[in-house]
Amino acid sequence: MNRLLLLLFAAICASSQIFFLACGGGGDSGEARLPSNDDDNNDNDLSPQDDDDSSPQSDDDDDDDNDDDLAGMIWIPIPAGTFEMGCVPGDTNCIFYEKPQHQVTLPAFEITKTDVTQGQFKQLMGSNPSYFSQCGDDCPVEQVTWHEASDCCIAAGGRLPTEAEWEYAARAGTTTIWYCGDDPSCIDAIAWDGENAYGETHPVCQKETNAWGLCDMIGNVLQWASDWFDPNYYSYSPEFDPQGPATGDQRSQRGSGWASPALGSRTSDRTADYPIRPFFEIGFRCAR
């Protein structure tokens, strides 16, 4: 009799959701579990692997073209390649530490589509040091030290880009003085600078992207790079994947900011500052 009752109970469990509740399939909550690795574009799984998720935590294999990871960062894949780094021949405004122009070969990497925004920095680091905080969450974070920028990139699963990675990504295959051409009149279309920013930052991606889809590689805010700065580094920099000098006092910065003149927006332009010093024209983007 007891055996007959057990068989009957098992049959009922197998044919209804009671299986999850009474037979142990539902865990502590008693709720049915959804599949964790489905292949459609709907975000209906508890552990998304390959969906186009709105807020993925680690989403290297989602179904869109770019990898939108922590804090909504969009990572743009940059192909491996070789380029000429430094002062463009014919550019009479180069400073000595932009020379000599030299060949650099880089492996493939990814870089964020935009400067890290105030909203992203707040999500990852819990604060907003920006001087232009009234600009809003879609504006680049600024007034960050090199250390704060580095820590934020690490929190996002990346790091600060090297100078070589930054210039290669900014050029996007171009060999001109500005990555929009050799005529400074093209700058207005791609950058917020001293001519059109009116003394403040602006939301990211309001200007034209470069050929690889990157916003604000020049203008809006300067960007910290990972390298120590040596004005003579180009004379001894290795050809493959240079990482910068081994030591130094200042860290490199690339790009230009909202107060920069056209000459400071040249793709080869370099500057530097002490890593503990924040400034309201300095932000960053991340690489990995």
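Observations regarding the confidence of the model for the protein
Detailed reading of the predicted model is not advised wherever pLDDT is low. A residue-level look at the protein finds 76% of positions with pLDDT of 70 or above and a mean pLDDT of 83. Every residue in residues 1–64 is under pLDDT 50, and counting partners more than four places away or in other chains gives 76 contacts.

Looking at the pattern of salt bridges
Within the structure shown, the criterion is met by 13 salt bridges. For the salt bridge of Arg159 with Glu165, the shortest nitrogen-to-oxygen distance reads 2.9 Å. Among the residues examined, Arg159 registers a relative accessible area of 32% and is labelled partly exposed. Counted as one network, the salt bridges with shared partners bring together Glu163, Glu167, Arg171, Arg254 and Arg270.

Remarks on the state of the cysteines
Covalently bonding the sulfur atom of one cysteine to the sulfur atom of another cysteine gives a disulfide. Applying the stated criterion across every chain yields a total of five disulfides. Residue pairing for Cys135: its cysteine sulfur links by disulfide to Cys139, the two sulfurs lying 1.9 Å apart. Since a negative S-S torsion denotes a left-handed disulfide, the Cys135-Cys139 link at about -65 degrees is left-handed. We classify Cys135 as partly exposed; its relative accessible area is 23%. Covalently, Cys180 is tied to Cys186 through a disulfide, its sulfur atoms 1.9 Å apart. Between Cys180 and Cys186 the sulfur-sulfur dihedral comes to about 60 degrees; the bridge is accordingly right-handed. For Cys180, a relative accessible area of 29% gives the class partly exposed. Using a relative accessible area of 18% as the deciding quantity, one classes Cys186 as buried. Across the protein, the disulfide pattern expressed with sequentially numbered bonded cysteines is 1-2, 3-4, 5-10, 6-7, 8-9. Just so you know, Cys152 is unpaired, no disulfide at all, and the nearest cysteine sulfur is the one on Cys286, 5.6 Å from it. Cys152 gets classed as buried once you look at its relative accessible area, which sits at 0%.

Conventions and cut-offs
- Residues numbered from 1 in each chain as written.
- Predicted model: local features only at pLDDT ≥ 70, side-chain atom pairs only at ≥ 80, totals over all residues.
- Heavy atoms only, no water.
- pLDDT = per-residue confidence, 0-100.
- Contact = heavy atoms within 4.5 Å.
- Salt bridge = Lys/Arg side-chain N within 4 Å of Asp/Glu carboxyl O.
- Buried < 20%, exposed > 50% of the residue type's maximum accessible area, 1.4 Å probe, protein only.
- Disulfide = S-S within 2.5 Å.

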